[in-house]
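Listed here are the chains, written in short residue letters.
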Amino acid sequence: MGTADRLLTPDLRPRTAAVVAASVAAGLGLAHAAVSAYWALGGTALLGTIGGAIERWGRGRGPSVVIALWGIVAVKTMLAVAAPIVAIRPSWLPQWTRGRVPRILSWVAAVSMTIYGGLQTLGSLLGLTGAVNPGPDANRGALAWHAFFWDPWFIAWGAAFLISLWLARPSPRNEKAPGRRRENPASRDFERAAPTGFEPVSEP
């Protein structure tokens, strides 16, 4: 591997890792949205693993429940696609998608999902072990599903989102300053790696 390749490799690795993490986050989010869409369409499989009022509402299928489920599907889908949009920043999307506000909102969403999943998982585990009283009508089967599947799913989704945001965070020195052209890191590395010791040939 040449000097230029060694200089470029550190820039490429974080970028590749960010794409992988963003893809994982998007996959987890879209799968979560697909489950909610299945319930919104009238499916009842796995509703028993949710338990409580949500299970009763899902089986009752009142108009307000269906509307709420489709709203949840929309929110989950937006959060799922936000990961690759913010991390990869495709050039064919509008300029505002690569701005600071979408990044800040994505950080808030990723942190919130991770904390939510962690707290829910902890609560379910405490209920299963008897450290806290889950109540006389608690469904221990549903608690187990929450402790080991549904709530950790939020942790994994949020963590993958956080990792992609961290790896794809813009470097302050590469931020575009007013009236100044953005510097290309790859070009700068190639210039540093170029051999020295000769003078450019001037045209007569």
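Residues numbered from 1 in each chain as written. Predicted model: local features only at pLDDT ≥ 70, side-chain atom pairs only at ≥ 80, totals over all residues. Heavy atoms only, no water.

1. With respect to the side chain of D151
In this structure, D151 sits in helix α5 (residues 140-167). No salt bridge is formed by the buried D151; the nearest opposite charge belongs to K76, separated by 10 Å. Within the structure, D151 has its side chain in polar contact with the side chain of S124 (distance 3.4 Å). (Helix = DSSP H or I, 4+ residues; strand = E, 2+ residues; numbered from the N terminus. Buried < 20%, exposed > 50% of the residue type's maximum accessible area, 1.4 Å probe, protein only. Lys, Arg positive; Asp, Glu negative; His and termini not counted. Salt bridge = Lys/Arg side-chain N within 4 Å of Asp/Glu carboxyl O. Polar contact = N/O pair within 3.5 Å; in protein donor to acceptor, adjacent residues only side chain to side chain.)

2. Topic: helix α4 (residues 100-129)
Compared with the 44 Å implied by 1.5 Å per residue over 30 residues, the 44 Å span of α4 between its first and last C-alpha is a close match. Every buried residue of α4 is accounted for by P102, R103, S106, A109, A110, M113, G117, T121, S124, G127 and L128. Buried-residue contacts for α4 involve α3 (63-88) and α5. Looking one or two residues beyond α4, the residue adopting positive phi is G130, at roughly 85°. (Expected span 1.5 Å × (residues − 1). Contact = heavy atoms within 4.5 Å.)

3. Some words on the packing of aromatic side chains
Across all of its chains, the model carries eight aromatic pairs by this definition. Consider the rings of Y116 and F154, whose centres lie 5.1 Å apart with planes at 85°: the pair is edge-to-face. Residue Y116 is located in helix α4, and its partner F154 is located in helix α5; the two are separated by 38 residues in the primary sequence. Residue class for Y116 comes out partly exposed when judged on its relative accessible area of 42%. When its relative accessible area of 15% is taken as the criterion, F154 is described as buried. With a centroid separation of 6.4 Å and an interplanar angle of 35°, the aromatic rings of W145 and W150 are classed as tilted. Look at W145 and you get partly exposed, because its relative accessible area is 34%. The ring centre of W166 lies 3.8 Å from the NZ or CZ of R169, which sits over that ring. (Phe/Tyr/Trp six-rings, centres within 6.5 Å; stacked < 30°, edge-to-face > 60°. Lys NZ or Arg CZ within 6 Å of the ring centre and 35° of its normal.)

4. What about the nonpolar core?
In terms of nonpolar packing, the biggest core is built from 16 residues, with A25, A83, M113, W157, F161 and L165 touching the most fellow members. If you list the elements that add at least two residues to this core, you get α1 (3-40), α3, α4 and α5. Beyond its immediate sequence surroundings of up to four residues, L165 is in contact with V86, S106, W107 and A110. Counting residues in each nonpolar core, the second largest holds nine residues, with V35, W39, L69 and W153 among its members. (Core = buried A, V, L, I, M, F, W, Y, C linked by side-chain atoms within 4.5 Å.)

5. As for α3
Here α3 contains 26 residues, and its C-alpha end-to-end distance of 38 Å stays within 8% of the 38 Å for a straight helix at 1.5 Å per residue. At A82, α3 shows its largest bend, some 25°, and a proline, P84, comes one to four positions later. By the burial criterion, the buried members of α3 are V65, V66, L69, V73, K76, A80, A82, A83, V86 and A87. Immediately downstream of α3, the backbone of R89 shows phi near 50°, a positive value. (Bend = angle between axes of the 7 residues up to and from the residue.)

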